[in-house]
Amino acid sequence: MTIINRRSTLLLGLAAGGAWALPARAQTKTKVTVALDWTPNTNHIGLYVARDKGFYAEAGLDVEILPYGDTSAGALISNGVADFGVSGAIGFFTQRAAGADLKAVYAVVQTETGRLVFNYDRQDIQRPRDLEGKTYGGFGSNWENALISTIIRNDGGKGTFETVTLGTSAYEALANGAVDFTLEVYTWEGVKAELEGRKQRAFRYADFGVPDQHTTFLASSARTLEAKPEAAKAFVQATQRGYAFAVENSEEAAFILVEANKDMLTDPALIKASLKALVDGHYLARPDGTVGAIDAAKTEAMGAFLFSAGILRDGNGEPLKVQPDFADYYTNAFLADA
């Protein structure tokens, strides 16, 4: 007997293109540009699937995925260089608060992918308050300080720790014991550590008073959404179809991503394992099959946390005095099931 639940029905419908009516194929395709937030990785998989499986073409679009560069995707979007872009949630909130023309239109991940990690054999670290006074290998943002101090304080500590700013070298420093703990994206650095046999333990942010969040958005600008609403809808829905396909066909999707980025993605095993973690952990799709939808309560809770921590600043670098209306920061209107 075959059992088809809501999750299977929705994802299969999206992957097959039957969950909504795509716009009629245009004689001349509309050009759309997309900026990345980092070098190509599994967070971007729906974009490459949609492009290389022909979902964008079927929607009447000619989509160019721009090479990753030093300028943030948010800056490229708000300045009209890119129509859409992948944006980390914290960067999105801070840029929008500072006046950037940004609006989130798609939640790439449905729940927090980050975690605080330390080496498995650290018996002196059993709970967050044990991090008091220890050395953190960090990346230089105010968000990290607010996040870690909140976690420690909510476990009964004072929230104090030492910081050494290392960037991506923090993972090597953790492995060799030069720092006591760091933050990582489980679905990338965490999976890589597992493949390399490096045992770690971790604390989840949400277990210690930090709101859960969509860690990655697909964003656009009000300018683009207002000027090209039909193209925007076609793009978001074809992208949604790409991510749904990746959830249901992870091996093929991983192959597509690697083939499209052979010079940069030289470890196919990492790509496959990362995508498996994203799928199995219900990061790309919720347990009920939802892909792409931005959760209002989740987004507004994180916005309020950032505001209370003084992380959201205006264009002059001054902390915002009035909490923004975070409902204006995002929209689900362009999704297939909106």
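Residues numbered from 1 in each chain as written. Predicted model: local features only at pLDDT ≥ 70, side-chain atom pairs only at ≥ 80, totals over all residues. Heavy atoms only, no water.

Asker: How should the pairing of strand β10 (residues 216–220) be read in this particular structure?
Answerer: Side-chain positions along a regular strand alternate between the two faces of the sheet. β10 sits mainly inside the fold: 5 of its 5 residues count as buried. Side chains Thr216, Leu218 and Ser220 of β10 all project onto a buried face; the interleaved residues Phe217 and Ala219 project onto the opposite face, where all are buried too. Sheet topology note: the strand β3 (residues 84–88)/β10 ladder contains 5 bridges and is antiparallel. Across the sheet, the residue bridging to Gly85 is Ala219, located in β10. (Buried < 20%, exposed > 50% of the residue type's maximum accessible area, 1.4 Å probe, protein only. Helix = DSSP H or I, 4+ residues; strand = E, 2+ residues; numbered from the N terminus. Pairing = 2+ DSSP bridges.)

Asker: How should I be thinking about unusual backbone geometry in this particular structure?
Answerer: The phi torsion of most residues other than glycine is negative, and most of the peptide bonds are trans. With a phi angle near 60°, His282 is a residue other than glycine that sits in the positive phi range. By the element assignment, His282 lies in the loop between α12 (268–280) and α13 (296–308). Accessibility expressed as a relative area gives 30% for His282, which makes it partly exposed.

Asker: Explain the nonpolar core here, please?
Answerer: Generally speaking, soluble globular proteins have nonpolar side chains that are buried together. Ile45, Leu47, Leu61, Phe84, Tyr106, Phe235 and Leu284 are the most contacted members of the largest nonpolar core, which has 54 residues in total. In terms of residue count, the dominant contributor to this core is helix α10 (residues 229–248) (11 residues). For Leu47, the contacting residues outside a window of four places in its chain are Val34, Leu36, Tyr56, Ile65, Val86, Phe235, Thr239 and Tyr243. By size, the runner-up hydrophobic cluster in this structure holds 40 residues, among which are Ala97, Leu147, Phe181 and Val210. (Core = buried A, V, L, I, M, F, W, Y, C linked by side-chain atoms within 4.5 Å. Contact = heavy atoms within 4.5 Å.)

Asker: What am I meant to see in the sheet that holds strand β8 (residues 181–185) here?
Answerer: Working definition: the strands of a sheet are paired by backbone hydrogen bonds and lie parallel or antiparallel to each other. Ordered in space as β7-β6-β8-β5-β9, the 5 strands form an open sheet in which the pairing is mixed. What marks the edges here is a single partner per strand, and that holds for β7 (162–165) and β9 (200–203). Neighbour to neighbour, the strand axes of the sheet diverge by 35° on average, direction disregarded. This element, helix α6 (residues 142–153), spans β5 (114–119), β6 (135–138), β7 and β8 of the sheet and lies at about 110° to β8. (Axes fitted to C-alpha atoms, helices over the stretch in contact; angles between N-to-C directions.)

Asker: Is there a simple way to explain the packing of α10 against helix α11 (residues 250–260) in this structure?
Answerer: Remark: α10 packs on α11, axes separated minimally by 5 Å, with the N-to-C direction vectors making an angle of 120°. Compared by their axis directions, α10 and α11 come out oblique. Facing Phe245, Ala246, Val247 and Glu248 of α10, the residues of α11 in contact are Ser250, Glu252 and Ala253. Class assignment for the residues of the contact of α10 with α11 results in 4 nonpolar, 1 polar and 2 charged. (Parallel < 35°, antiparallel > 145°, perpendicular 65-115°, else oblique. Nonpolar A, V, L, I, M, F, W, Y, C, P; charged D, E, K, R; others polar.)

Asker: Got a minute to help me understand the packing of aromatic side chains in this structure?
Answerer: Counted by the stated rule, this structure contains 18 aromatic pairs. Here the aromatic rings of Phe93 and Tyr329 are separated by 5.9 Å at their centres, their planes lie at 35°, and the arrangement is tilted. Taken together, the residues span a long stretch of sequence, with Phe93 in helix α5 (residues 89–97) and Tyr329 in the segment after α13 at a distance of 236 residues. Considered together, Phe93 and Tyr329 belong to a single accessibility category, that of buried residues. Its guanidinium or amino end placed over the ring of Tyr120, Lys199 lies 5.9 Å from that ring's centre, counting from NZ or CZ. (Phe/Tyr/Trp six-rings, centres within 6.5 Å; stacked < 30°, edge-to-face > 60°. Lys NZ or Arg CZ within 6 Å of the ring centre and 35° of its normal.)

Asker: What am I meant to see in helix α2 (residues 45–52) here?
Answerer: What sets the pattern is the α-helix's 3.6 residues per turn: residues three or four places apart point alike. Most of α2 sits inside the fold, with 6 of its 8 residues counted as buried. All of the buried residues in α2 are Ile45, Gly46, Leu47, Tyr48, Val49 and Ala50. At the exit of α2 stands Gly54, carrying a positive phi of roughly 85°.

Asker: Any chance you could explain helix α8 (residues 186–195) here in plain terms?
Answerer: For α8, the set of buried residues is Tyr186, Thr187, Glu189, Gly190, Val191 and Ala193. On its buried side, α8 packs onto β5, α7 (170–175), β8, β9 and α12. Downstream of α8 by a residue or two, Gly197 has a phi angle that is positive, lying close to 80°.

Asker: I would appreciate a short explanation of the confidence of the model for the protein chain in the present structure.
Answerer: In regions of low pLDDT, the predicted coordinates are not meant to be interpreted in detail. With 92% of its residues at a pLDDT of 70 or more, the protein chain shows a mean pLDDT of 93. A low-confidence stretch, residues 1–10 stays under pLDDT 50, and its non-local contacts, those more than four residues away or across chains, total 12 contacts. (pLDDT = per-residue confidence, 0-100.)

Asker: I'm lost on the sheet that holds strand β4 (residues 103–107) in this one. Help?
Answerer: Taken in spatial order, the 5 strands line up as β2-β1-β3-β10-β4 in an open sheet, and their pairing is mixed. At either margin of the open sheet sits one strand with a lone partner, and together these are β2 (61–65) and β4. Within the sheet, the average angular offset between the axes of one strand and its neighbour, ignoring direction, is 30°. Packed onto the sheet, α5 meets β3, β4 and β10 and runs at close to 110° relative to β3.

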